[in-house]
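Next come the chains, spelled out residue by residue.
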Amino acid sequence: MNATAREFRELYGYPPEGVWAAPGRVNLIGEHTDYNDGFVLPFALPQRTEAAAARRGDGLLRLHSADAPSGVVSLDIAALDPAHPPPGAASWAAYPAGVVWALRDAGLPVGGGADLHVRSDVPTGAGLSSSAALEVAVGLALADLYGLALTRPELAALARRAENAYVGVPCGVMDQTASACATDGHALHLDTRSLEQRHIPFDCAAAGLRLLVIDTRVKHALADGAYARRRSSCHEAAAVLGVPALRDLPYEELEQALAGLADPLHRKRVRHVVTENERVVRIVELLRSGAFREAGPLLTEGHASLRDDYEVSCPELDLAVAAANAAGAYGSRMTGGGFGGSALALIDADAEPEVARAVTGAFRGAGHAPPRITTAAPSAGAARLR
Ligand code: GLA
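Only a predicted model underlies this, so the values are computations on that prediction, with no experimental measurement involved.

What counts and what doesn't
Residues numbered from 1 in each chain as written. Predicted model: local features only at pLDDT ≥ 70, side-chain atom pairs only at ≥ 80, totals over all residues. Heavy atoms only, no water. Helix = DSSP H or I, 4+ residues; strand = E, 2+ residues; numbered from the N terminus. Polar contact = N/O pair within 3.5 Å; in protein donor to acceptor, adjacent residues only side chain to side chain. Contact = heavy atoms within 4.5 Å. Axes fitted to C-alpha atoms, helices over the stretch in contact; angles between N-to-C directions. Parallel < 35°, antiparallel > 145°, perpendicular 65-115°, else oblique. Nonpolar A, V, L, I, M, F, W, Y, C, P; charged D, E, K, R; others polar. Pairing = 2+ DSSP bridges. Left-handed = near helix turned anticlockwise from the far one by under 90°. Expected span 1.5 Å × (residues − 1).

> Would you mind showing me how to read the side chain of Thr4 here?
The residue Thr4 is located in helix H1 (residues 3-12) in this model. Of note is the side chain of Thr4, whose polar atom sits 2.7 Å from the side chain of Glu50. Setting aside its immediate chain neighbours within four residues, Thr4 contacts Val19, Glu50, Ala52, His117 and Arg119.

Here it is, written out as structure tokens:
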């Protein structure tokens, strides 16, 4: 019995029916493109959220997290309502409750209820999709327990709906899809319009490379309005340009399109999205030909675009990127929504101590709290553990 199952038994007094796990993600490239119908290229982290679960018969949902001090949160499934998500110390429970609400709302029967215990080693607020990991782990557990015929992309869509409509974060579908659908040793090339997926081999270790994840420990909060404002700007600009979404602007026609936009903010946001989609396409080609190192400069270019045109970086992320590159990284960028969270650096495997030291030293020199530096190998998506 693993630790999560054991804790479930201690907590509820009987063993769980199973344990399910779903990973966090790092996005290699394709940032702020998923709500513009564009392309993304995330991969799953080895860090994951585990959910031990068992069905009940009385319509109650009992939730407990090893990582939150809220105790057991008990909710009546029939009464779940996006207008009244769990408050205060139990606000983490809005993610699993939202998934149950989304299942109920989609006409999928989970009405008997469930007992759930979760534990996670995905850092929260680090831009590594701890919320998607929680949603997908719980969604997969309930789908399996109740025998619901949900495909992985459907599970991802449902988890995203939970986050949009129940938790109130207007995110795209990238994080949940990465957590539900990624495969070991691959990055996931997702077309967020057609939802077509391609699994691109990305075995960094075999190529003598390493991916460093530098968590700046600056907490990001996507719900604070800045993310939603970026999203609205993009939709406004698409309307001005007469296209359904910024995805529909070909890279070759960017200059012409920019000339047709009167609002300088629209011009910046559009330039980021269109060039970022192009960077995804180019990096996919490079990975396919095994030219991993050549992707580095495009990562750094993507960072500059997020910093200058999309304006979602912060001084700590900029410093992490500059310091990693100065210490020999092939390229680096912030990853995830931004305003804090983590940066990613592509480095030679044997350069890890040196780059980590350089980044930590730069943070110390600038008076920032020390970053948390880990490595990430593209890992498997969600699965039942037992
Ligand atoms: C967050 C959102 C994603 C995506 C990224 C930015 O992680 O959850 O849907 O928009 O920001 O690329």
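> Sorry, what's going on with the packing of helix H2 (residues 94-105) against helix H4 (residues 152-167) here?
Two packed helices can be described by the angle between their axes and the distance between those axes. Here H2 crosses H4 at 110°, and the two axes come no closer than 8 Å. In terms of axis orientation, H2 runs roughly perpendicular to H4. Contacts from Ala94, Tyr95, Ala97, Gly98, Val99, Trp101, Ala102, Leu103 and Asp105 of H2 reach H4 at Leu158, Arg161, Ala162, Glu163, Ala165, Tyr166 and Val167. Class assignment for the residues of the contact of H2 with H4 results in 12 nonpolar, 1 polar and 3 charged.

> What am I meant to see in the sheet that holds strand E8 (residues 197-201) here?
Sheet strands line up and pair through hydrogen bonds in the backbone, either parallel or antiparallel. Taken in spatial order, the 3 strands of this open sheet run E2-E7-E8, and their pairing is antiparallel. Single-partner strands in this sheet number two, and they are strand E2 (39-40) and E8. Along the sheet, helix H8 (residues 264-288) contacts E2, strand E7 (186-191) and E8; its crossing angle with E8, the most-contacted strand, is approximately 50°.

> Is there a simple way to think about the sheet that holds strand E10 (residues 331-335) in this case?
Read from one edge of the open sheet, 4 strands run E10-E11-E9-E12, paired in antiparallel fashion. The open sheet has two edge strands, E10 and strand E12 (372-375), and neither has a second partner. Within this sheet the neighbouring strands show an average axis-to-axis angle of 25°, counted without direction. Relative to strand E11 (residues 342-348), strand E9 (residues 209-215) runs antiparallel, the two being bridged by 7 bridges. Its bridge partner being in E11, Leu209 is matched across the sheet by Asp348. Contacts between helix H9 (residues 296-308) and the sheet are confined to E10 and E11, with E10 contributing the most and set at about 40° to the helix. Together, E9, E11 and E12 form the strand contacts of helix H11 (residues 352-365), whose direction differs from that of E9 by roughly 20°.

> Help me out: how do you make sense of the packing of H2 against helix H3 (residues 130-145) in this one?
One can describe the packing of H2 onto H3 by two numbers: an axis separation of 9 Å at closest approach and a directional angle of 45°. The orientation of H2 with respect to H3, classified from their angle, is oblique. As H2 packs across H3, the resulting crossing turns out to be right-handed. Contact residues: Tyr95, Pro96, Val99, Val100 and Leu103 in H2; Ser131, Leu134, Glu135, Val138, Gly139 and Leu142 in H3.

> For this particular structure, what's the right way to read H8?
Two residues of an α-helix separated by three or four positions point the same way, owing to the 3.6 residues in each turn. The end-to-end C-alpha separation of H8 is 36 Å, in line with the 36 Å expected for 25 residues at 1.5 Å each. Where H8 begins, the side chain of Asp263 points an oxygen toward the backbone nitrogen of Leu265, at a separation of 2.8 Å. Positive backbone phi, at 75°, marks Gly290, one or two positions downstream of H8.

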